[in-house]
Amino acid sequence: MSLVLYHHPFSRAAGVVWMLEELGVPYELHFVDIMKGAHKAAELVTLNPMGKLPILVDGDAVVTESAAIGLYLADRYSLGRLAPAPDDVARATYLRWSFFAPSVIEPGSMAKAAQWEFKPSQAGWGDHASMLRAMESAVTGREFLLGDRFSMADVIFGGTLRYLLRFNMLEARPAFIAYCDRLGARPALQRADARNAAVAKQHGLSV
Ligand SMILES: N[C@@H](CCC(=O)N[C@@H](CS)C(=O)NCC(=O)O)C(=O)O
């Protein structure tokens, strides 16, 4: 099997399981015990010098950074379905919200939770109210980010949203809840949740 995901169910690798389930390709999970520091082992630091999960290995290709993994997988295994083709105008919206998640939502939410002091005009994630407004505009009046067409951008953006709402790190606006409910109805997400829970159980981890 060529796709191997270095995984722990309580890490961002759980979201990559959703990506893989959406693709419908065979993959293997390689459990990394982050609680015991196994992600800092030499073999893994060679793959990801950050010493972090997730890491995806696809033959000779190594991909880290959750959003990059999603974009890589969709281009390579689902071009035209989960990734709009390069000459498709939907690619603009697709890339926009895929990058918005790690470059604005993640640091913006962390900045808010940890009460960082910064100048919104100098920080790439800007001010919190604008971030929330932009996110609302992305998911209001349409089923998914690209309209009625689900894409890997929904896994990247929606996965981040689900995670932050779960840990009360983001205001639970009705548009966010409704969007997450639509995502939660997807069989691939349900399979991913079940697979992550099964790995947690196998390793005696309680949620
Ligand atoms: N920017 C990275 C973040 C990766 C990350 O922070 N992973 C966490 C788990 S969710 C981790 O490995 N933490 C362990 C550590 O840093 O020691 C991504 O999006 O994949």
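Our structure's up above, just so we're on the same page.
Below or above, wherever it landed, is the structure these notes cover.

Definitions and cut-offs
- Residues numbered from 1 in each chain as written.
- Predicted model: local features only at pLDDT ≥ 70, side-chain atom pairs only at ≥ 80, totals over all residues.
- Heavy atoms only, no water.
- Buried < 20%, exposed > 50% of the residue type's maximum accessible area, 1.4 Å probe, protein only.
- Helix = DSSP H or I, 4+ residues; strand = E, 2+ residues; numbered from the N terminus.
- Pairing = 2+ DSSP bridges.
- Right-handed = clockwise from strand over helix to strand, strands pointing away.
- Axes fitted to C-alpha atoms, helices over the stretch in contact; angles between N-to-C directions.
- Left-handed = near helix turned anticlockwise from the far one by under 90°.
- Contact = heavy atoms within 4.5 Å.
- Nonpolar A, V, L, I, M, F, W, Y, C, P; charged D, E, K, R; others polar.
- Near = heavy atom within 4 Å.
- Polar contact = N/O pair within 3.5 Å; in protein donor to acceptor, adjacent residues only side chain to side chain.
- Areas by Shrake-Rupley, 256 points an atom, 1.4 Å probe, with all protein chains shown as cover.

1. Examining the pairing of strand β1 (residues 3-7)
Right, so step 1: Most of β1 sits out of view: five of its five residues are buried.
Right, so step 2: The pairing of β1 with strand β3 (residues 55-58) spans four bridges and is antiparallel. The residue bridging Leu5 from the neighbouring strand is Leu56, located in β3.
Right, so step 3: Regarding topology, helix α1 (residues 13-23) serves as the crossover connection from β1 to the parallel strand β2 (residues 28-31), and that connection is right-handed.

2. Looking at the packing of helix α4 (residues 90-113) against helix α5 (residues 128-139)
For any two helices packed against each other, one specifies the inter-axial angle together with the distance between the axes.
Right, so step 1: Packing of α4 against α5 leaves a shortest axis separation of 10 Å and a crossing angle of 145°. Relative to α5, the crossing made by α4 is left-handed. Residues Trp97, Phe100, Val104, Ile105, Gly108, Ser109 and Lys112 of α4 form the contact with α5, whose own contacting residues are His128, Met131, Ala134, Met135, Ser137 and Ala138.
Right, so step 2: Across the contact of α4 with α5, the residue classes tally to eight nonpolar, four polar and one charged.

3. Here we look at the sheet that holds strand β4 (residues 61-64)
Right, so step 1: Judged by pairing direction, the sheet is mixed, and its four strands sit side by side in the order β2-β1-β3-β4 without closing on themselves. At either end of the open sheet lies a strand with only one pairing partner, and these are β2 and β4. Sheet twist, expressed as the average angle between the axes of neighbouring strands with direction ignored, equals 20°.
Right, so step 2: In this sheet, β4 lies alongside β3 in antiparallel orientation, the contact comprising four bridges. What sits directly across from Leu56, in β4, is Val63.
Right, so step 3: Strands in contact with α1 are β1 and β2; relative to β1, the strand with the most contacts, it is inclined by about 155°.

4. Section: the site of the ligand
Right, so step 1: Around the ligand, a shell composed of Ser11, Arg12, His39, Lys40, Lys52, Leu53, Pro54, Glu65 and Ser66 is seen.
Right, so step 2: Here a nitrogen atom of the ligand sits 2.7 Å away from a polar atom, N or O, in the main chain of Leu53.
Right, so step 3: Out of a free accessible area of 520 Å², the ligand has 74% covered by protein chains.

By themselves, these are just geometric observations and shouldn't be taken as functional.
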